[in-house]
There are 2 protein chains.
Amino acid sequence: MKASQFFISTLKEAPAEAELPSHKLMLRAGLIKRVASGLYTWMPMGLRVARKVEAVVREEMNRAGAVEMLMPIVQPAELWQESGRWEFYGKELLRLQDRHERDFCFAPTCEEVITDIVRSEVRSYKQLPLNFYHIQTKFRDEVRPRFGVMRAREFVMKDAYSFHSDYDSLKQTYQDMYDAYCRIFDRLGLDYRPVAADTGSIGGTGSHEFQVLADSGEDIIAYSDASDYAANVELAATLPLSGQRAAATQSLAKVATPNIKTIAALVDFLAVPITQTLKSIVVEGEAEGELVLLLLRGDHQFNDIKAEKLPGVKAPLTMAGAAAIQAAFGANGGSLGPVGFKGRVYADFATEKGADWVIGANEDDCHYTGFNFGRDAAEPTFADLRNVEAGDPSPCGSGSLKLARGIEVGHVFQLRQKYAEAMKATFLDQNGKSQIMEMGCYGIGITRIVAAAIEQNNDERGIVWTDTMAPFTVVIVPMNYRKSDTVKAAADDLYAALQALGVDVLLDDRDERAGVLLNDSELLGIPHRIVIGDRALKEGMVEYQNRRASSAENVAIDAVAAQIQAALHAGQ
Amino acid sequence: MKASQFFISTLKEAPAEAELPSHKLMLRAGLIKRVASGLYTWMPMGLRVARKVEAVVREEMNRAGAVEMLMPIVQPAELWQESGRWEFYGKELLRLQDRHERDFCFAPTCEEVITDIVRSEVRSYKQLPLNFYHIQTKFRDEVRPRFGVMRAREFVMKDAYSFHSDYDSLKQTYQDMYDAYCRIFDRLGLDYRPVAADTGSIGGTGSHEFQVLADSGEDIIAYSDASDYAANVELAATLPLSGQRAAATQSLAKVATPNIKTIAALVDFLAVPITQTLKSIVVEGEAEGELVLLLLRGDHQFNDIKAEKLPGVKAPLTMAGAAAIQAAFGANGGSLGPVGFKGRVYADFATEKGADWVIGANEDDCHYTGFNFGRDAAEPTFADLRNVEAGDPSPCGSGSLKLARGIEVGHVFQLRQKYAEAMKATFLDQNGKSQIMEMGCYGIGITRIVAAAIEQNNDERGIVWTDTMAPFTVVIVPMNYRKSDTVKAAADDLYAALQALGVDVLLDDRDERAGVLLNDSELLGIPHRIVIGDRALKEGMVEYQNRRASSAENVAIDAVAAQIQAALHAGQ
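Residues numbered from 1 in each chain as written. Chains lettered and ligands numbered in written order. Predicted model: local features only at pLDDT ≥ 70, side-chain atom pairs only at ≥ 80, totals over all residues. Heavy atoms only, no water.

A few words on the overall build of chain A. Secondary structure assignment for chain A yields 15 helices and 30 strands. Here chain A holds 572 residues, and 55% of them are scored as buried. Sequence separation of 24 or more characterises 70% of the internal contacts of chain A that already satisfy a separation of 6 or more. Summing over all exposed atoms, chain A offers an accessible surface of approximately 23400 Å²; the carbon and sulfur share of this is 48%. Averaging the coordinates of the 61 positive side-chain charges in chain A and doing the same for the 78 negative ones gives two points 2 Å apart. (Helix = DSSP H or I, 4+ residues; strand = E, 2+ residues; numbered from the N terminus. Buried < 20%, exposed > 50% of the residue type's maximum accessible area, 1.4 Å probe, protein only. Contact = heavy atoms within 4.5 Å. Areas by Shrake-Rupley, 256 points an atom, 1.4 Å probe, with all protein chains shown as cover. Lys, Arg positive; Asp, Glu negative; His and termini not counted. Charge placed at Lys NZ, Arg CZ, Asp CG, Glu CD.)

Below, the structure written as structure tokens:
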């Protein structure tokens, strides 16, 4: 491609709206352009990158035996009502009505449509397993779209759906997809980790996220320093403590804590270590009107996903209202505790072996010191109520946990029979008996990968692409292309030679100053740059620089194409 | 691709909902599957065809210098309000609100978004011309979606938009796009005609449609039998007649025509030739409360697009209401005419030279015979009010017109400054003066092409693809693949050989009866079929049949791959 026949539009400064490096760089390099909140145009330079990601994803999906199709974006409410998701899905689901006032949605995922297709196509176990995928524009009406295409409302996703006659077959395909995802992210040159994850609104049992490691990531990953264990912090389990409980050394004493409403203020006021305090969270129970008290150490972070799964706790997790709390505890939030509370009490594992706690006294502006489980209130049920922290023992039993931030770029789910059961996707087994199918689903955020890769690969000069994802693999920057005939001839010849080798090369023939061309090539992150100037050319040389190298080297113009081709093959 | 790793699902009978051959065949061959009215899933077999069309379109757009990008599907109302289309577009525009109750639409075309981008990117005439395109899912909320993907609500379109500093530059790019479209439809092997067309709701001046000729087409094309002239029948002009008007031979006489409301009934009742009757159409005038009378020959077809453009006629064309007609004419529809009418009267060119007309008498249940222009009412303004008919002189001045039906698969427009003016897309010219850009737009219905091609290429056995569009170019049909080791070995070897030659080959290794495999290969329309059976194999032969040939021929198995490759190259 010649730049004069393409469209390059770079900015010196990123618009103020951009926070993340990837968002700033995508705007500055002209990869995307904002249309409205969470809606972007992929400009020519950006689309080339997205298409390269798409091509790798397609190749690896095909290699893994998935078959490509294309489902519609606008989907009828009836199917979503059948699965139950029409009610369950919140405002993220963009709902719309057609001219006949029939309800539709703009699909965020396609479990319903694919299940509808498969239940009408499949009669016998002989037709299973099946694994379909498509690459399609999706919409999720995020409350707060941000970070450019990282959390956009409209985005391109590859989603695959597999159907099986039994769980073993699902597990096999799940593993195949897991392996394909690893190949995809390896080929794209991303530093990532597959991590165990919660299944969220998609439903089902097992699930892994593929997280690209980046400080700006919205997700936190916990991983073992001594094994392969990795999980989303939402999911990583904390373990019960071993050993004996510390002996009580204090008696229960009520202390006045006027206007003390937070743990930080309490610790400050009483001059006690935060690890000696307990905080109380009150949620609604499963039974109408019942409240459940959750206790955890003042310094620990409450995990609502874990809490929601406890017996007797209402799902989705619902915080108790002020009036109900006042009625049950005789006090307001900020001074609550288990002493005298009649309902069900869960305490976090980390509190089981401690003694002499500071805790709310169920009387406004009062706390207890010297609170001990069993002595001052009944023994609670100990459970996992908190997020893991760095240094916690790994739940795999080996090593301790470290934390890292990640950007979720892929997610695989064992849906099991959630959709197949609701939508009656059945088949006849070997004995002619009707059975419900097993199902898996597998997503990759094509457009998000572009942002994630930049987040992980950039420097003060701009983006640093891998050969696989770069919009162009090589850029030829001629000095004075429009004035020097020898430079023009050499540049044109080299361009033709690289094209003949099948190299994706950009000849930057724009009528701009040398500084602009060089800066743009770095901002755009083209991995291999060849600068052609009159002086070196007299000695048959050009200047070659890898985007990741700190300086350029002189290479004979006759040798540079072969050298680049060799570098590209070596990198594959 | 091996069929066992793909997904083939054919039907013996088409569902009753399908009317057109293409719709029936696409459902029977499993190319598409209905999700809801006008919404289809592209099944794996169908998607392969759509992707092949897309690839040809992309290649030719790139070759013609257009640059690919990708605009969002969901677009903010503000931009559409700026162009005026938010108000102007009817219910075909799918409107929706996001969670914050802001208005958006699901884009049917993208003039607004691209104009917004270009006005922010372009400052100087030096940056022009520009020509961007994208291939994207569109939505038009058709009143009556029908014929499968031929008139679906959701469909894939390639749309391109060019921007220019002057009209000459627009005309140049318009011609480049016109030529690129011809190359695209030539390569796809379609029998098509570029025809002059109306610009409709898109607006602008010049426009051509690309019509695939097919009896089932919804459009009618008029073309000259002696020149290249072709136009949509909506647009093709009729010419004023030459020569003298016939002399009046009858005097005006009122006749009772009780309950005669239609031309057909009138002709029958009075036993006059229909060509001697005039029909009256009353529309609203530009001025409030004014009515305009339009007269044309009883046998001619009224053309509302032409009528709407007449001076003094309200656009969009609005039929007069019954009360207004009664007030102005003193009679109801069915007995109207110009005698005594005070308003503006247009009569079709074809009536100018006639005499002694039968026409409504402006008195219910009465008509006049012997009506003559100039004598019985003032001379009207003669104008082009009707559709052309076969045999009319061609408006190009050469030959006479023939009519054919067509399916619109492409449309190019000279938009001129319609959008650029409304949205203030300006640039600085060579004198530093701000000017409004010129603009063109260019669409191709990717998914509709698939249906149009089938409409034009099918027989009683199924679809007949060209090599370019076929989901697979070659199919190998082994007889007893799962039982005969020699057949399996020969089929596998041939499959590998064809793949090595880069041929897109399907090995139908399904465990089905020979009849099923052979019928499916014909229904699916694969252009080249190789049948491998034990008997012929003993003599080193296989059976080759071109889908368009009436019988098969025996070919040496060692020669068949080379023979097919030669045929494919010859066809390119």
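Anyway, onward from the coordinates.
Bringing helix H12 (residues 485–500) of chain A into the picture now. All names here are of chain A. An ideal rise of 1.5 Å per residue puts 22 Å on 16 residues; H12 measures up with 22 Å between its terminal C-alpha atoms. When H12 is considered as a whole, its buried residues turn out to be Val487, Ala490, Ala491, Asp492, Leu494, Tyr495 and Leu498. Where H12 terminates, the next one or two residues include Gly502, which has phi positive at roughly 80°. (Expected span 1.5 Å × (residues − 1).)

Let us look at the packing of helix H1 (residues 21–28) of chain B against helix H11 (residues 446–456) of chain B. Helix-helix packing is described using two parameters, namely the angle between the two axes and the distance between the axes. All names here are of chain B. Contact pair H1 / H11: the axes reach a minimum separation of 8 Å and the direction vectors enclose 110°. It follows that H1 is roughly perpendicular to H11 by the angle criterion. Residues Pro21, Ser22, Leu25 and Met26 of H1 touch H11, and the partners they reach there are Val450, Ala451, Ile454 and Glu455. Considering only residue class, the contact of H1 with H11 consists of 6 nonpolar, 1 polar and 1 charged. (Axes fitted to C-alpha atoms, helices over the stretch in contact; angles between N-to-C directions. Parallel < 35°, antiparallel > 145°, perpendicular 65-115°, else oblique. Nonpolar A, V, L, I, M, F, W, Y, C, P; charged D, E, K, R; others polar.)

Turning our eyes to something else, we now look at the interface of chain A and chain B. In this assembly, 49 residues from chain A lie in contact with 49 residues from chain B. A buried area of about 4500 Å², summed over both sides, lies between chain A and chain B, and 63% of it is on carbon and sulfur atoms. Among the residues of chain A in contact with chain B, Leu70, Arg99 and Glu121 of chain A are the three that bury the most area, contributing 15% of the side total. Taking the shortest distance from any N to any O, the salt bridge between Glu121 of chain A and Lys33 of chain B comes out at 3.1 Å. One can count 18 residue pairs in polar contact (both at pLDDT 80 or more) joining chain A with chain B. Of the residues contributing to the side of chain A that touches chain B, the split by class is 29 nonpolar, 7 polar and 13 charged. (Buried area = accessible area lost by both parts, 1.4 Å probe. Salt bridge = Lys/Arg side-chain N within 4 Å of Asp/Glu carboxyl O. Polar contact = N/O pair within 3.5 Å; in protein donor to acceptor, adjacent residues only side chain to side chain.)

Ranked by internal contacts, the top residues of the largest apolar core, which has 222 residues, are Phe185 and Trp465 of chain A together with Phe185 and Trp465 of chain B. Once residues within four sequence positions are removed from consideration, Trp465 of chain A is found in contact with Leu31, Val49, Val450, Ala453, Ile454, Ala470, Pro471, Leu524, Gly525, Pro527 and Arg548 of chain A. (Core = buried A, V, L, I, M, F, W, Y, C linked by side-chain atoms within 4.5 Å.)

This part takes up the state of the cysteines. A covalent bond between the sulfur atoms of two cysteines is referred to as a disulfide. Residues and elements named next belong to chain A. In total, this model carries 0 disulfides over all chains according to the counting rule given. This cysteine, Cys105, is not joined by any disulfide, and Cys110 carries the nearest cysteine sulfur, 8.8 Å off. Owing to a relative accessible area of 0%, Cys105 belongs among the buried residues under this scheme. (Disulfide = S-S within 2.5 Å.)

Across a regular strand the side chains alternate sides, sitting on one face of the sheet and then on the other. Residue and element names in this part refer to chain B. Summarising burial for strand S7 (residues 130–139): 10 of the 10 residues are buried, a large majority. Here S7 shows two buried faces, one formed by Leu130, Phe132, His134, Gln136 and Lys138 and the other by Asn131, Tyr133, Ile135, Thr137 and Phe139. Judged from the 2 bridges that link them, strand S3 (residues 67–68) and S7 form a sheet pairing that is parallel. If you follow Val67 over to S7, its bridge partner there is Phe132. Direction of pairing for S7 relative to strand S8 (residues 154–164): antiparallel, over a ladder of 10 bridges. Across the sheet, the residue bridging to His134 is Asp159, located in S8. (Pairing = 2+ DSSP bridges.)

Moving on: the relation of the copies chain A and chain B. Mapping chain A onto chain B calls for a screw motion: a turn of 180° about the axis and a shift of 0.1 Å along it, with 0.1 Å RMSD after fitting. The transformation relating the two chain copies, once decomposed into turn and shift, fits a two-fold axis. The position closest to the rotation axis in chain A is occupied by the C-alpha of Leu96 of chain A, lying 2.8 Å away. A shared interface surface links the copies, since 100% of the contact residues of chain A are contact residues in chain B too. (Least-squares fit on C-alpha atoms with pLDDT ≥ 70 in both.)

Attention shifts here to the sheet that holds strand S30 (residues 553–556) of chain B. By definition, the strands of a sheet pair up through backbone hydrogen bonds, in either a parallel or an antiparallel sense. All names here are of chain B. An order of S27-S26-S28-S29-S30 is seen for the 5 strands of this open sheet, with the pairing classed as mixed. Edge positions in the sheet fall to strand S27 (505–507) and S30, since each has one partner strand and no second. Strand-to-strand, the axes of this sheet are offset by a mean angle of 30°, without reference to chain direction. The pairing of strand S28 (residues 528–532) with strand S29 (residues 541–546) spans 4 bridges and is antiparallel. Bridge pairing in S29 places His528 opposite Asn546. Contacts from helix H12 (residues 485–500) reach strand S26 (474–478), S27 and S28, with the element oriented near 170° to S26. Those strands touched by helix H15 (residues 557–570) are S26, S28, S29 and S30, and its axis lies near 110° from that of S30.

Attention now goes to the pattern of salt bridges. This model, assessed by the stated rule, comprises 83 salt bridges over all chains. The partner of Asp504 of chain B in a salt bridge is Arg48 of chain B, and the shortest N-O contact between them spans 2.8 Å. Here Asp504 of chain B is found in the loop between H12 and S27, whereas its partner Arg48 of chain B is found in helix H2 (residues 44–63), with 456 residues between them in sequence. With a relative accessible area of 21%, Arg48 of chain B lands in the partly exposed category. With a closest N to O distance of 3.5 Å, Arg461 of chain B and Asp459 of chain B form a salt bridge. Judged by its relative accessible area of 28%, Arg461 of chain B falls in the partly exposed class. Given a relative accessible area of 22%, Asp459 of chain B falls into the partly exposed group. The network of salt bridges with common partners includes Arg51, Glu54, Arg58 and Glu68 of chain A together with Arg51, Glu54, Arg58 and Glu68 of chain B.

With that settled, the discussion passes to unusual backbone geometry. Look at the link from Leu128 of chain A to Pro129 of chain A: it is a cis peptide, with omega at 0°. Relative to the helices and strands, Pro129 of chain A resides in the loop between helix H5 (111–121) and strand S7 (130–139). Cis rather than trans, the peptide bond between Ala315 of chain B and Pro316 of chain B has omega equal to -5°. With respect to the element layout, Pro316 of chain B can be found in the loop between helix H8 (304–308) and helix H9 (322–329).

Looking now at the sheet that holds strand S18 (residues 366–371) of chain B. Residues and elements named next belong to chain B. Pairing is antiparallel in the open sheet, where 3 strands are placed in the order S13-S18-S17. Strands with a single pairing partner mark the edges of an open sheet, and in this sheet they are strand S13 (253–256) and strand S17 (357–360). Strand-to-strand twist of the sheet, defined as the mean angle between neighbouring strand axes without regard to direction, takes the value 30°.

As a further point, take the side chain of Thr115 of chain A. All names here are of chain A. Among the structural elements, Thr115 can be located in helix H5. On the accessibility criterion, Thr115 (0% relative accessible area) is buried. Within the structure, the side chain of Thr115 is placed 2.6 Å from the backbone oxygen of Glu111, a separation counted as a polar contact. Contact partners of Thr115, with chain neighbours within four places excluded, come to Phe163, Tyr419, Ala420, Met423, Ala425 and Met439.

We now examine the side chain of Thr109 of chain B. Residues and elements named next belong to chain B. Looking at the element boundaries, Thr109 is found in the loop between strand S6 (103–106) and helix H5 (111–121). Among the polar contacts made by the side chain of Thr109, one reaches the side chain of Arg85 at a distance of 2.8 Å. Within the structure, the side chain of Thr109 is placed 2.5 Å from the side chain of Glu111, a separation counted as a polar contact.

The tally for this structure, following the rule as stated, stands at 29 aromatic pairs over all chains. Seen from their ring centres, Trp80 of chain B and Tyr89 of chain B are 5.9 Å apart, and the 65° between their planes marks the pair as edge-to-face. An aromatic cluster is defined as three or more aromatic residues linked by ring pairs; in this entry it consists of Tyr178, Tyr181, Phe185, Tyr192 and Phe210 of chain A. One Lys or Arg, Arg95 of chain A, reaches over the ring of Trp86 of chain A and ends 4.8 Å from the middle of that ring. (Phe/Tyr/Trp six-rings, centres within 6.5 Å; stacked < 30°, edge-to-face > 60°. Lys NZ or Arg CZ within 6 Å of the ring centre and 35° of its normal.)

Okay, the environment of Pro129 of chain A next. Here Pro129 of chain A falls in the partly exposed class, since its relative accessible area comes to 47%. What Pro129 of chain A contacts, discounting residues up to four positions off in sequence, is Phe163, His164 and Ser169 of chain A.

Moving on, we come to the packing of H2 of chain B against H11 of chain B. Residues and elements named next belong to chain B. Direction vectors running N to C along H2 and H11 enclose 115°, while the axes themselves pass 9 Å from each other. As H2 runs across H11, the sense of the crossing is right-handed. Counted together, Val49, Ala50, Val53, Glu54 and Val57 of H2 and Ile446, Ile449 and Val450 of H11 form the full contact between these two elements. A class-by-class count of the residues in the contact of H2 with H11 yields 7 nonpolar, no polar and 1 charged. (Left-handed = near helix turned anticlockwise from the far one by under 90°.)

On to the confidence of the model for chain A, then. Averaged over chain A, the pLDDT score is 95; the fraction of residues at 70 or greater is 98%. The ipTM value of the predicted complex is 0.89, and its pTM value is 0.89. (pLDDT = per-residue confidence, 0-100.)

All names here are of chain A. Over its 21 residues, helix H6 (residues 167–187) extends 30 Å from the first C-alpha to the last, a length consistent with the 30 Å expected when each residue adds 1.5 Å. By the burial criterion, the buried members of H6 are Ser169, Leu170, Thr173, Tyr174, Met177, Tyr178, Ala180, Tyr181, Cys182, Ile184 and Phe185. The N-cap residue of H6 is Asp166: its side-chain oxygen and the backbone nitrogen of Asp168 are 3.3 Å apart. Remark: Gly189 follows H6 within two positions and exhibits a positive phi of approximately 75°.

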